[in-house]
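# Structural characterization, general
Residue strings, one per chain:
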Amino acid sequence: MTNIPTHYTDASIENIAPDVKVSFDNWIKQRSEGKKSLMLFGGYGVGKTYLMYAMINWKPNVRVRFYNSSALIEDIKASYNDAYAQNPVISLRDYEGYLFLDDFGSERVTDFVQDQFYQIINDRYVNNLPVVISTNYELGELADRLGERIASRLAQMCFIINITGDDRRLKS
């Protein structure tokens, strides 16, 4: 079970926009024979992270690891400086549950970042393991930022939902 931040404890599939709900339902229907993974992309504040936590709340017994992608990179860096810390990339290799990566591609891109994300995405790809990604970037933009190898794998693995709308945080 993933720790749900207070802000998202009441996140519900029933509260997402109707067009997004239709797309989400389509992913659910096809996932057993189609694409197990999901990529949510859209502008800032349109509800991508909300939907990710709503998914977790919807199926609370499904195994999930949830990471903000920038925080994951920081954890990986820290593991290199601590002899007792386990590198998260290694621990994710054997993880068969859902891997949620929030704000994917938002970090400052370096060769190190590209290499770490390639390892993570490639491991999920070759082992046919599910990943749920939220990003502000379309697939082509992710290719420019993180590399064609990652974008190509995501294109094959993921059912892609474009979430549109105004920044809900600015309306609060």
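That block above? That's the structure.
Note that this is a predicted model, so its numbers are computed, not measured. (Residues numbered from 1 in each chain as written. Predicted model: local features only at pLDDT ≥ 70, side-chain atom pairs only at ≥ 80, totals over all residues. Heavy atoms only, no water.)

Each α-helix winds once per 3.6 residues, and so residues spaced three or four apart point in a common direction. By the burial criterion, the buried members of helix α6 (residues 139-146) are Leu142, Ala143 and Leu146. Each buried residue of α6 sits inside an arc of 105° when the element is viewed along its axis, so together they form one side. The inward-facing, buried residues of α6 contact β1 (37-42), α5 (111-126), β4 (131-135) and α7 (148-157). Residue glycine 147 follows α6 closely and has a positive phi angle near 115°. (Buried < 20%, exposed > 50% of the residue type's maximum accessible area, 1.4 Å probe, protein only. Helix = DSSP H or I, 4+ residues; strand = E, 2+ residues; numbered from the N terminus. Arc of directions from axis to C-beta. Contact = heavy atoms within 4.5 Å.)

All right, on to the pairing of strand β3 (residues 98-102) then. Summarising burial for β3: five of the five residues are buried, a large majority. Here β3 shows no split at all, with Tyr98, Phe100 and Asp102 on one side and Leu99 and Leu101 on the other all buried. Across five bridges, strand β2 (residues 64-68) lies against β3 in parallel orientation. Bridge assignment links asparagine 68 to a residue of β3, and that residue is aspartate 102. Direction of pairing for β3 relative to β4: parallel, over a ladder of three bridges. (Pairing = 2+ DSSP bridges.)

So, about a negative patch on the surface. There is a patch of like negative charges on the surface, built from Glu138, Glu141, Asp144 and Glu148. In this fold, aspartate 144 is placed in helix α6. (Patch = residues over 30% accessible without salt bridge, like charges linked within 9 Å, V, L, I, M, F, W, Y side chains within 5 Å. Areas by Shrake-Rupley, 256 points an atom, 1.4 Å probe, with all protein chains shown as cover. Salt bridge = Lys/Arg side-chain N within 4 Å of Asp/Glu carboxyl O. Lys, Arg positive; Asp, Glu negative; His and termini not counted. Charge placed at Lys NZ, Arg CZ, Asp CG, Glu CD.)

This part takes up the pattern of salt bridges. This structure, assessed with the given rule, holds three salt bridges. Between glutamate 74 and lysine 77 there is a salt bridge, with its nearest N and O atoms 3.7 Å apart. Remark: lysine 77 and glutamate 74 occur in helix α3 (residues 69-81); sequence separation between them is three residues, near one turn of the helix. Residue class for glutamate 74 comes out partly exposed when judged on its relative accessible area of 47%.

This paragraph deals with the packing of aromatic side chains. Inspection of every chain in the model, using the stated rule, returns seven aromatic pairs. Geometrically, the ring pair formed by phenylalanine 24 and tryptophan 58 is edge-to-face, given 5.5 Å between the ring centres and 70° between the ring planes. Highlighted residues: phenylalanine 24 in helix α1 (residues 18-30) and tryptophan 58 in helix α2 (residues 48-58), separated in sequence by 34 residues. On the basis of relative accessibility, which here comes to 1%, the residue phenylalanine 24 falls in the buried class. In this arrangement the basic side chain of lysine 59 is found over the ring face of tryptophan 58, its NZ or CZ atom lying 4.9 Å from the centre. The aromatic ring of tyrosine 118 is capped on one face by arginine 149, whose charged end is 3.6 Å from the ring centroid. (Phe/Tyr/Trp six-rings, centres within 6.5 Å; stacked < 30°, edge-to-face > 60°. Lys NZ or Arg CZ within 6 Å of the ring centre and 35° of its normal.)

This brings us to α3. Over its 13 residues, α3 runs 19 Å from end to end, which matches the ideal 18 Å to within 8%, given 1.5 Å per residue. Those residues of α3 that sit buried are Ser69, Leu72, Ile73, Ile76 and Ser79. Looking straight down α3, one finds that the buried residues subtend no more than 120° of arc, so they occupy a single side. Sitting at the amino-terminal end of α3 is asparagine 68, which places a side-chain oxygen 3.0 Å from the backbone nitrogen of serine 70. (Expected span 1.5 Å × (residues − 1). Polar contact = N/O pair within 3.5 Å; in protein donor to acceptor, adjacent residues only side chain to side chain.)

To continue, consider the packing of α3 against α5. Angle between the axes and distance between the axes: these two values describe a pair of packed helices. For the pair α3 and α5, the least separation of the axes is 11 Å and the interaxial angle reads 100°. Taken together, the axis directions place α3 and α5 in an arrangement best described as roughly perpendicular. For the pair α3 and α5, the contacting residues are Ser69, Leu72, Ile73, Ile76, Lys77 and Tyr80 in the first and Phe112, Val113, Gln116, Phe117 and Ile120 in the second. The residue makeup of the contact of α3 with α5, split by class, is eight nonpolar, two polar and one charged. (Axes fitted to C-alpha atoms, helices over the stretch in contact; angles between N-to-C directions. Parallel < 35°, antiparallel > 145°, perpendicular 65-115°, else oblique. Nonpolar A, V, L, I, M, F, W, Y, C, P; charged D, E, K, R; others polar.)

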